[in-house]
Amino acid sequence: MHALTILLLALLGLPLTIGGGWLLSLGGSPFYLFSGLVVLAVAVGLLARKRWATPLYAVWLLVLLAWSLWEAGLYWWPLATRLGLPVIIGVLMAIPAVRRRAQGEGHFSAGWPVLAASLLTAVVALVGIPRHLHETEGTLAMDVVNADAKLGDSALPEGDWNAYGRTAHGQRFSPLKQITPDNVANLDVAWQIQTGDVRGPKDVTETTYQATPLKINDTLYLCTPHSLAIALDADTGKERWRFDPKAGMESQRQHQTCRGVSFHSSTALTATATAAAAPAAQATCSNRIFLPSSDAKLHALDAATGKPCADFGSNGAIDLTHNMPFKQGGYYYATSPPLVAGDAVIIAGAVNDNYAVNSPSGVIRAYDVHTGKLLWNWDSGNAGKTAPFDPNDPSQVYTASSPNSWSVASADLELGLAYFPMGNRTPDQLGMFRNADEEKYATSVVALDLATGQVRWVRQFVHHDLWDMDSPAQPVLLDLDLAKGRTPALVVPTKQGDVYVLDRRDGTPLQQVSERAAPQGTDIPGQTVAATQPVSALSFEPPALRESDMWGASLIDQMMCRIAFKKLRYEGRYTPPSLQGSLIYPGNFGVFNWGSVAVDPQRQVMFGMPTYLAFVSTLVPKADIAGQQTNTGEQGLNENAGADYAVAMHPFLSPIGVPCQVPPWGTVAAADLRTGKIAYQYRNGTIRDLSPLPLPIRVGVPGIGGPLMTASGVAFLGAAVDNNFRAYDVASGKILWDVRIPAGGQATPMSYLNSQGEQMVVLVAGGHGSIGTKAGDYVVAYKLKK
């Protein structure tokens, strides 16, 4: 035991001394070097059986405790990793066998000082268990403000779910009330099926199930990562049909996913449909499912049979590479469902980040739902020209690499507007390739005229985006009751944590938007940086990181995170990318991502999942990437073919693979959209599926996916990197129901009524390749036990 304790002291002291000296040379805390020297001295003293060895260690423990409280406060997770290993060693040193004289009689040093110091240190840390960083306690007012709130542009049976966010308003809100905070704990599996579409060894890293099913009449419709469309009996989950577009494999795809399909019914044709189109639409495919496939095609399928609608495009499909300036395999396709508005199906697409300067266009196009005829095209790189191109004329091409809209769009038919969340022009981190239109429309929400595609207004969220801060989330429509009266609003969550609340008629802010000075200076020629950046009054932006916020499982990897932190350029939010390597926080994983937020239009509140992960962005001269593997996904080293610099992106992780910043990394939160006040924010998710031991410790883990809210005041959310599905009390944020699911639940749930009038809740569980959750192919439906 004596030898083991000396070994542990040496294993702690040597890294602390060497790393502490390195950290000090970078301008970091001197405490690690000091600690390393003390611990090594104790090891030497213990080896020589000196009387002062254990008292010295006891004194150091007390100094460590005081320093930890000064740096981190009385919070369990920051204290536990600083104090855990030292306390264990202290307890070992109190064991008589460790302090026994060489001759075997008596002890060379007293054990009680080091035992007392160890126990005191442990008790203080334990006192911090109920306290958690970055949590806001409170309750959300649940008064109904507008009982007749619009849930969409047209009447929809309360038991149906006809679009990705239930309607084109994107609220992710169900008017159903059978499942309540009082009975949600009685939910049980009603049925569970497997689609058969599973992640294979040749799939790209980000092969993910992100689909939210639709429910129309008695049928569910969904898509799978490899672009299969499947129809299921809404009561039993029994398959009714499936369609395989044979999209094939392509190693250059950054994503292999499908977030959903879209629906159009011709039973109530709009005024814009021609008289000639109506009989044809009724004769075949009167109800259509639109499926985007990963080979850059848009398919129209008969909702009843799954067969292609032959009158749409070419035998039921449109090749979306038409008029593209570049057509590299895998560089472009629609990962999100198209927007159906009236008799137009409007589709955008995802363009690979940072693979090449010359990439496909981010054009948004509207097609006739019956014929597939191109009605208009809006190219953010050539914004004024929306008259439709001739798909058969190769001389007409859209702007290369223009900002794209890869997420889900929304629409207001009464205003005649479609709302698209816009991404950035590739390359993300190099701003010298952008024209004036691209600068204007990148990383924004843009309102397009449904009839012509012309821009009606734009609101930008990041100027001259160098951080991949694409607007990732579907904008949400609701009417807000404000002092000036009932106002049509648009809620847009962003990666940087700001939630913009705008008048959807003209983009005017309803919650204050201001400009903040941004970090300046670059180290590559031709690069510029915006002087200021927008910020919303309603924001889940985290505090700027400090060296003391660095975290790890022990003092050693925490110190390594501090060294990494001091080596990087970091001046807060919007630190420009650099050759040195810049810390980007919030990172491009996003405080919010494609899961958006759920909004209750009656109570005029929102519920969401703010996530906090720092990323590292490093510009790499082309001469330095020779022989290295590039273009394997959004993360890693990407070539930026045609530019002088590649870019390397990765999460800011410790040597053992945990985030370098102190938890929580994932939360749930709610806010009042009328006042802009955050009601509460609590850590969400456990490390059960992240650690070697399946311990359900609620640290607050990252996640990606979206929430569902119901009129009864219950929110549902999977998304976190543990394989759990949870229900929350919207008023308090309290977890009401928490069950294991068979795979990662990185999708957005939905709710509907079955044929017996029973409320169902459905989640697709298939995992997410990039964040490493368990892969699967499940669709799971729940209802209340009888």
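Here, the structure is the one placed above.
Every chain is numbered independently, its residues counted from 1 as its sequence is written. Given that the model is predicted, a residue must reach a pLDDT of at least 70 before its local features are reported, and side-chain atom pairs must reach 80 or more before they are shown or counted; all residues, however, enter totals for whole chains, interfaces and linings. Values shown for side chains rest on all heavy atoms present in the structure; no hydrogens or waters enter the calculation.

## Side note on the overall build of the protein
Assigned secondary structure in the protein consists of nine helices and 40 strands. Throughout, the radius of gyration refers to the C-alpha atoms, and the reference size of a globule is 2.2 Å times the residue count to the power 0.38. By the compact-globule yardstick of 28 Å for 786 residues, the protein fits well, its C-alpha radius of gyration being 28 Å. Taking the principal axes of its C-alpha atoms as reference, the protein extends roughly 105 × 65 × 55 Å. Expressed as a percentage of the 786 residues in the protein, the buried residues total 63%. Sequence-distant contacts, at least 24 apart, represent 65% of the contacts inside the protein between residues at least 6 apart. Methods summary: accessible areas were calculated by the Shrake-Rupley approach with a probe of 1.4 Å, and residue burial reflects only the protein chains presented. With the model as given, the accessible surface of the protein reaches about 27,200 Å², and the carbon-plus-sulfur share is 57%. The average position of the 59 basic charges and that of the 64 acidic charges among the side chains of the protein differ by 8 Å. Strands are runs of DSSP state E lasting at least two residues, helices are runs of H or I lasting at least four, and both sets are numbered from the N terminus onward. Only protein chains enter the area calculation, which uses a 1.4 Å probe; residues under 20% of their type maximum are buried, those over 50% are exposed, and those in between are partly exposed. Every residue pair with non-hydrogen atoms within 4.5 Å of one another is taken to be in contact. Positive: Lys, Arg. Negative: Asp, Glu. His and the chain ends are not part of the count. Where a charge sits is defined by one atom per residue type, namely NZ (Lys), CZ (Arg), CG (Asp) or CD (Glu).

## Focus on the packing of helix 4 (residues 76-94) against helix 6 (residues 112-127)
The relative placement of two packed helices is expressed as an angle between their axes plus a distance between the axes. Lines fitted to C-alpha atoms define the axes, with helix axes restricted to the stretch in contact, and inter-axis angles between N-to-C directions lie between 0 and 180 degrees. For the pair helix 4 and helix 6, the least separation of the axes is 9 Å and the interaxial angle reads 160°. By the angle class used here, helix 4 and helix 6 are roughly antiparallel. Two packed elements cross with a definite hand, and for helix 4 against helix 6 that hand is left-handed. Facing helix 4, whose interface residues are Trp76, Leu79, Leu83, Val87, Gly90, Val91, Met93 and Ala94, helix 6 presents Val114, Leu115, Ser118, Thr121, Ala122, Val124, Ala125 and Leu126. For this scheme, ten residues count as nonpolar: Ala, Val, Leu, Ile, Met, Phe, Trp, Tyr, Cys and Pro. Four count as charged, namely Asp, Glu, Lys and Arg, and the remainder, Gly too, count as polar. Counted by class, the contact of helix 4 with helix 6 contains 13 nonpolar, three polar and no charged residues. These descriptions rest on fixed angle ranges, namely under 35 degrees for roughly parallel, over 145 for roughly antiparallel, 65 to 115 for roughly perpendicular, and the rest for oblique. Handedness of a crossing follows from how the near helix is turned relative to the far one, being left-handed for an anticlockwise turn of less than a right angle and right-handed for a clockwise one.

## A few points about the packing of aromatic side chains
Two rings belonging to Phe, Tyr or Trp (six-membered ring only in the last case) form a pair when the distance between their centres is within 6.5 Å. Interplanar angles under 30 degrees mark stacking, angles over 60 mark edge-to-face geometry, and anything in between is tilted. Using the criterion set out here, one finds 24 aromatic pairs in the structure. Centre to centre, the rings of Tyr32 and Trp67 are 5.6 Å apart; their planes meet at 90°, and the pair counts as edge-to-face. Of the two residues, Tyr32 is situated in helix 2 (residues 31-47) and Trp67 in helix 3 (residues 53-72); the sequence distance between them amounts to 35 residues. Across this residue pair, the class does not change: Tyr32 and Trp67 are buried. Aromatic pair Trp76 and Trp77: ring centres 6.2 Å apart, planes at 65°, arrangement edge-to-face. On the accessibility criterion, Trp77 (18% relative accessible area) is buried. One aromatic cluster is present, built from ring pairs that chain together Phe31, Tyr32, Phe34 and Trp67. The rule is short: NZ of Lys or CZ of Arg within 6 Å of the ring centre and within 35 degrees of the ring normal puts a charge over the ring. It is Arg131 that lies over the ring of Tyr75; its NZ or CZ is 4.6 Å from the centre.

## What to know about the sheet that holds strand 34 (residues 708-710)
Where strands meet in a sheet, backbone hydrogen bonds hold them as pairs that are either parallel or antiparallel. When DSSP locates at least two bridges between a pair of strands, those strands are taken to pair. Here five strands make up an open sheet; going across it, the order is 1-34-35-36-37 and the pairing mixed. Of all strands in the sheet, those bounded by a partner on one side alone are strand 1 (173-174) and strand 37 (735-740).

## A few points about the pairing of strand 25 (residues 532-536)
Burial runs high along strand 25: four of the five residues are buried. Across five bridges, the pairing between strand 24 (residues 513-517) and strand 25 is antiparallel. By the bridge assignment, Glu515 is partnered in strand 25 with Pro534.

## Regarding the sheet that holds strand 16 (residues 374-378)
A sheet is described by the order of its strands in space; here four strands give the open sequence 12-13-15-16, paired in antiparallel fashion. With partners counted over all chains shown, the strands left at the sheet margins are strand 12 (339-341) and strand 16, one partner each. For this sheet, the mean inter-axis angle between neighbouring strands, taken without regard to orientation, is 20°. Relative to strand 15 (residues 364-368), strand 13 (residues 344-347) is paired through four bridges, and the arrangement is antiparallel. Bridge pairing links Ala344 to Asp368 in strand 15.

## Details of the packing of helix 2 against helix 3
One way to put it is that helix 2 packs onto helix 3 with a least axis distance of 9 Å and a crossing angle of 160°. In this view, helix 2 runs roughly antiparallel relative to helix 3, as classed from their interaxial angle. The handedness of the crossing between helix 2 and helix 3 comes out as left-handed. Where helix 2 approaches helix 3, its residues Phe31, Tyr32, Phe34, Ser35, Val38, Val39, Ala41, Val42, Gly45 and Leu46 are matched on the opposing element by Ala53, Leu56, Tyr57, Trp60, Val63, Leu64 and Trp67. Across the contact of helix 2 with helix 3, the residue classes break down as 15 nonpolar, two polar and no charged.

## Observations regarding the side chain of Ser293
With respect to the secondary-structure elements, Ser293 resides in strand 8 (residues 287-293). Two N or O atoms form a polar contact when they lie within 3.5 Å of each other; inside protein one atom must be a possible hydrogen donor and the other a possible acceptor, and for residues adjacent in sequence the pair counts only when both atoms belong to side chains. Here the side chain of Ser293 touches Asp295 through a polar contact of 2.5 Å, side chain to side chain. Filtering out sequence-adjacent residues up to four positions away, Ser293 remains in contact with Ser227, Pro245, Ala247, His299 and Tyr333.

## Observations regarding the nonpolar core
Buried Ala, Val, Leu, Ile, Met, Phe, Trp, Tyr and Cys residues form a nonpolar core when they are joined through side-chain atoms within 4.5 Å. Ranked by size, the top nonpolar core spans 50 residues in total, and within it Trp191, Tyr221 and Phe716 carry the most contacts. Looking at this core element by element, the count peaks at six residues for strand 39 (residues 759-765). Ranked by size, the runner-up nonpolar core spans 34 residues in total, among them Leu9, Val42, Leu79 and Phe108.

## With respect to the pattern of salt bridges
Salt-bridge detection follows one rule: a side-chain nitrogen of Lys or Arg within 4 Å of a carboxyl oxygen of Asp or Glu. Here the structure, examined in full by the defined rule, presents 30 salt bridges. Note that Glu71 and Arg82 form a salt bridge whose closest N and O atoms lie 3.0 Å from each other. Taken together, the positions of Glu71 in helix 3 and Arg82 in helix 4 put the pair 11 residues apart, joining distant regions of the chain. Side by side, Glu71 and Arg82 carry an identical accessibility label, which is buried.

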